[in-house]
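# Chain and residue survey
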Amino acid sequence: MTWPQSSTSIHTYLWEFLVPENGSFDFGTACDQTKERFSKCLRCSVKPLGEEIICDTFSRRSFIGEPQAVISLRWQKPSIVTLNLEVPVQPHSESFFNLDTARVIETELRKNFNATRSKVLPPLKRGGPVDPYRYLNASDDRLLEYDVEEVLADVQSPFQKVEILKTKNFGNLLVLDGLQNLAESDIVYTETLMHRGTIDYMNKDVLILGGGDGALLWELLKEKPSFVTMVDIDDVVMQLCKKHMRSACGTALDTYDGPNYKIIVDDCMKILKSYIDDKKEFDYVFGDLTDIPVSDAPIGQIWDFMKSVLALSLQVLKKDGKFLMHGNGVSSEPALQMFEAQLAKLQVSFSRSNAFVPSFMEDWVFYQIWKTNSEVHQNGLPE
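What you see is a predicted model; the values in this text were computed from it and never measured.

Across the sheet, 7 strands lie side by side as S16-S15-S14-S17-S18-S20-S19; this open sheet has mixed pairing. With one partner strand each, in any of the chains shown, strand S16 (261-265) and strand S19 (348-357) form the two edges of the open sheet. Neighbour to neighbour, the strand axes of the sheet diverge by 15 degrees on average, direction disregarded. Alignment of strand S18 (residues 317-329) against strand S20 (residues 362-371), held across 5 bridges, turns out to be antiparallel. Of the residues in S20, the one forming a bridge with Phe 323 is Ile 369. Sitting on the sheet, helix H8 (residues 268-277) touches strand S14 (205-210), strand S15 (227-232), S16 and strand S17 (282-288), and the angle it makes with S14 is about 150 degrees. The sheet contacts of helix H9 (residues 301-315) involve S14, S17, S18, S19 and S20, and relative to S18 the element is tilted by about 155 degrees.

This part takes up the side chain of Gln 160. By the secondary structure assignment, Gln 160 is in the loop between strand S10 (148-156) and strand S11 (161-167). Beyond its immediate sequence surroundings of up to four residues, Gln 160 is in contact with Val 155, Leu 176, Asp 177, Asp 234 and Val 237.

Time to look at the nonpolar core. Formed by 40 residues in total, the largest nonpolar core has its most connected members in Tyr 201, Leu 217 and Phe 286. No other element matches helix H5 (residues 215-221), which puts 5 residues into this core. Beyond its immediate sequence surroundings of up to four residues, Leu 217 is in contact with Ile 208, Val 228, Met 230, Ala 252, Tyr 261 and Ile 263. Counting 32 residues, the second-largest nonpolar core is a separate cluster that includes Trp 303, Phe 323, Leu 336 and Val 365.

We now examine the state of the cysteines. Enumeration over the complete set of coordinates arrives at 0 disulfides. There is no disulfide at Cys 55, and the cysteine sulfur nearest it, in Cys 31, is 13 Å away.

Next up on the list: the pattern of salt bridges. Taken as a whole and assessed by the stated rule, the structure comprises 22 salt bridges. With a shortest N-O distance of 4.0 Å, Arg 103 and Asp 100 are connected by a salt bridge. With Arg 103 and Asp 100 both in helix H2 (residues 99-113) and 3 residues apart, this pair spans about one turn of that helix. Exposure remark for Arg 103: the relative accessible area of 44% places this residue in the partly exposed category. Measuring nitrogen to oxygen at the nearest pair gives 2.9 Å for the salt bridge that ties Arg 196 to Glu 219. Of this pair, Arg 196 sits in the loop between helix H4 (187-194) and S14 while Glu 219 sits in helix H5, and the two are 23 residues apart along the sequence. Take Arg 196: its relative accessible area is 27%, and that puts it in the partly exposed class. One salt-bridge network, held together by shared partners, links Glu 191, Arg 196, Glu 219, Lys 222 and Glu 223.

Let's shift gears to the sheet that holds S11. As summarised here, the arrangement of the 4 strands in space is S10-S11-S12-S13, forming an open sheet in which the pairing is antiparallel. Two strands lie at the open edges of the sheet, namely S10 and strand S13 (179-183), each paired on one side alone. When strand polarity is set aside, the average angle formed by the axes of neighbouring strands in this sheet is 25 degrees. The sheet contact formed by S10 and S11 spans 7 bridges and is antiparallel. Counterpart to Val 148 in the pairing with S11 is Thr 167.

For helix H6 (residues 235-244), the full list of buried residues reads Val 237, Met 238, Leu 240, Cys 241 and His 244. The N-terminus of H6 is capped by Asp 234, whose side-chain oxygen sits 3.1 Å from the backbone nitrogen of Val 236.

For the rest of this paragraph, the subject is the confidence of the model for the protein. The pLDDT averaged across the protein works out to 92; a share of 94% of its residues lies at or above 70. Predicted confidence is poor over residues 379-383, with pLDDT under 50, and the contacts of this stretch with residues over four places away or in other chains come to 16 contacts.

The next point concerns H8. An α-helical turn contains 3.6 residues, so a residue and the one three or four places further along point in the same direction. Among the residues of H8, those classed as buried are Cys 268, Met 269, Ile 271, Leu 272 and Tyr 275. The buried residues of H8 occupy an angular sector of 165 degrees when the element is viewed end-on, so they sit on one face. Facing away from the buried side of H8, by more than 90 degrees, are the exposed residues Lys 270 and Asp 277. Where H8 is buried, its residues contact S14, S15, S16, S17 and H9. Two to three positions downstream of the cap, the backbone nitrogen of Met 269 sits 3.0 Å from a side-chain oxygen, assigning the N-cap of H8 to Asp 267. Following H8 by one or two positions, Lys 279 adopts a phi angle in the positive range, close to 60 degrees.

Reading the values: rules and limits
Residues numbered from 1 in each chain as written. Predicted model: local features only at pLDDT ≥ 70, side-chain atom pairs only at ≥ 80, totals over all residues. Heavy atoms only, no water. Pairing = 2+ DSSP bridges. Helix = DSSP H or I, 4+ residues; strand = E, 2+ residues; numbered from the N terminus. Axes fitted to C-alpha atoms, helices over the stretch in contact; angles between N-to-C directions. Contact = heavy atoms within 4.5 Å. Core = buried A, V, L, I, M, F, W, Y, C linked by side-chain atoms within 4.5 Å. Buried < 20%, exposed > 50% of the residue type's maximum accessible area, 1.4 Å probe, protein only. Disulfide = S-S within 2.5 Å. Salt bridge = Lys/Arg side-chain N within 4 Å of Asp/Glu carboxyl O. Polar contact = N/O pair within 3.5 Å; in protein donor to acceptor, adjacent residues only side chain to side chain. pLDDT = per-residue confidence, 0-100. Arc of directions from axis to C-beta.

Below, the structure written as structure tokens:
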């Protein structure tokens, strides 16, 4: 489902001011100054909206100005003042209120409030045709804004929400359940995951778990492996990437049975267990699945899934084989350390590398994991 093209966008501007704690700041005077300033900028009368809220810890006053602009001033006692403006913007039209205007207001009110510090943020945009797709988050939940030009796909598969967005800076961007997965700009992600140039895949047997965007498969095939098996549960992702992510996946997703590769649409846990039963082994196994969870403890459904995948994957590795996976962003170091603590309890060794991934807008961490002897836990990572 896409949003109607005629939707009005609501732009929200946010200011903050640090005011003196010595009692010289007067909230009533600040409200009058704010009302007067916005009357000039909005070129209309600004009227109070409801009653002023006064409590021990804060005071708040709201105003309304045509055309349907809503202004809110809050004093978080004793020294923080925040100012919010919500203003509608019609499609394909220039807003009469912009960031330059907001900066003028910041300068003037900073002087009026006798503030020692102030800041205004670029507007948050909501309600317009691409606005619901504009914002994603970093690994530690910082807000990221994307220059989305067009929504190429927005569907709910049997397993997840799948979106592909056309962006100016990153090309087409695959988003799964609201998380950046891969963009056409992100070759460094794939090359760091496979450690291109340091691992020789020629004549090797490789297993990819996940990887539905097809990029890892496409790049691995260039390394002339003996055979690559890819297992991904979501055919919707692969079909959409085949259409919209061709600069990343090439022709790898055009057929699921190639001369030296095979794509299996199925549950990777089920397939791993069948390989263990058949005593099938691989030189390299890739876990191109979920990120390492950001949580208070290594428990929960995603942790359980990740532990099980790793345990089963180690069992299908050859003696000198390696398991390669992506971790999470460097900003989520506690989650990475939690994962590494779990690895330390296993009879495995690991190395860690990282690379800046353009569409993630942050450094991303990748792991190589290998057995130090033939005995590994068969029931997942220890608690």
